[in-house]
Amino acid sequence: MTLARLQQVAAELGLPRFAAGQIAAWLYKKGVRDIASMTNLSLAARAALSERYEVGLAAPVMLGESKDGTKKYLYRTDAGHYVESAYIPDGDRATLCVSSQAGCRMGCRFCATGRQGLRGSLTAGEILNQIASLPERDRLTNVVYMGMGEPLDNLDEVLRSLEVLTSDWGYGWSPTRITVSTVGVVPSLRRFLEESKVHLAVSLHNPFPEQRVEIMPAEKGFPIREVIALLKQYDFGGQRRVSFEYIVMAGLNDSPAHVKELARLLDGLKCRINLIRFHKIPDSPYFSPDDRHMEAFRDALSRKGIITTIRASRGEDIQAACGLLSTKALEEAREQA
């Protein structure tokens, strides 16, 4: 709950207005697991709260740990769906990749989550639970909304979770520690840019619309050219940045023609491209290029004046690619049924 919603709760229960701030502090700064621990509230207030509410934390139901230190957590939602979070330590930096939906309706061909279809959107509480219930919570430096689902397809709950994360009464995180990824849901994108200050990452993967639609059906409804035209209306020269995620699939989207079109498409927009090796998923026709080809593709983009980096592959031995662990859990649940 946001502070405004907690103030409504306090009013409903006949508590003083300042009680909302006390509850928020217990929830988001002290991390209590039950209402009885909110000791600066009266016994009567705690009893009244406990009759109607619970803190709502839920521990992960499964853990996979990679030899490189990456950990994949599986959570079960109240509706019985499964969602994933990936904890990625890297020196002094520790990033958590959270999910915003169970499954996804965008249908990207290279993504295991897309094969599930949309099973349900998460509440702000279920999004934040992935952070609050994380065993490594105190080590986190960054959060990325790049797990299961399309965040801008669940915009109200995502924005509510961001408000809790970045407000002084909440977790108090700087928006520069948070990135939200999207395929480019144009109707929601403008609102997201207006109502939040966190970083944006756009899933690009191919600059040619006729090729992009083959791997990303969302291109039909949300053309990448419209997405970039909208982004060019905003200033990304300050603390907020926009980046483009580009999964490289050998022989599919890594030619000199793609380099040239990317440079044309992004001309005039202050941004960077993150190249990602394709993580193999079952029955996929796509393949990852070798290191030499990845570096050559990066260097070609850099020569065009685009800041381009290669993201290190992490957790491949524990099915860290988005959607694989939850898909396995769903299959096991069906077999048991």
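Residues numbered from 1 in each chain as written. Predicted model: local features only at pLDDT ≥ 70, side-chain atom pairs only at ≥ 80, totals over all residues. Heavy atoms only, no water.

Undergrad: Looking at this structure, I do not really get the pairing of strand 10 (residues 242–248). What am I missing?
TA: Along any regular strand, the residues point their side chains to alternate faces of the sheet. Counting buried positions over the seven residues of strand 10 gives seven, a clear majority of the element. Of the two faces of strand 10, the one lined by V242, F244, Y246 and V248 and the one lined by S243, E245 and I247 are each fully buried. When strand 9 (residues 199–203) meets strand 10, the two strands line up parallel, connected through four bridges. What sits directly across from L200, in strand 10, is V242. Where strand 10 and strand 11 (residues 272–277) come together, six bridges link them in parallel fashion. Within the sheet, the bridge partner assigned to I247 lies in strand 11 and is I276. In this view, the connection linking strand 10 to its parallel neighbour strand 11 by way of helix 10 (residues 256–266) has right-handed handedness. (Buried < 20%, exposed > 50% of the residue type's maximum accessible area, 1.4 Å probe, protein only. Helix = DSSP H or I, 4+ residues; strand = E, 2+ residues; numbered from the N terminus. Pairing = 2+ DSSP bridges. Right-handed = clockwise from strand over helix to strand, strands pointing away.)

Undergrad: Would you explain the nonpolar core in this entry?
TA: The tendency in soluble globular proteins is for nonpolar side chains to be buried as a group. The biggest cluster of nonpolar side chains holds 98 residues, and the ones touching the most others in it are F110, Y145, F192, L231 and F244. For this core, the element with the most residues is helix 2 (residues 19–29), which contributes seven residues. (Core = buried A, V, L, I, M, F, W, Y, C linked by side-chain atoms within 4.5 Å.)

Undergrad: Explanation requested: the pattern of salt bridges in the structure shown.
TA: A side chain with one charge may pair with a side chain of the opposite charge, provided their charged atoms come close. Tallying each qualifying case throughout the model produces 13 salt bridges. Here R5 ties to E12 by a salt bridge, and the two come within 3.7 Å at their closest N and O atoms. R105 is the partner of D153 in a salt bridge, and the nearest nitrogen-oxygen pair spans 2.8 Å. Highlighted residues: D153 in the loop between strand 7 (142–145) and helix 6 (155–166) and R105 in the loop between strand 5 (101–103) and helix 4 (112–116), separated in sequence by 48 residues. The exposure class assigned to R105 is exposed, which follows from its relative accessible area of 52%. (Salt bridge = Lys/Arg side-chain N within 4 Å of Asp/Glu carboxyl O.)

The values reported here are purely geometric and, on their own, carry no functional implication.
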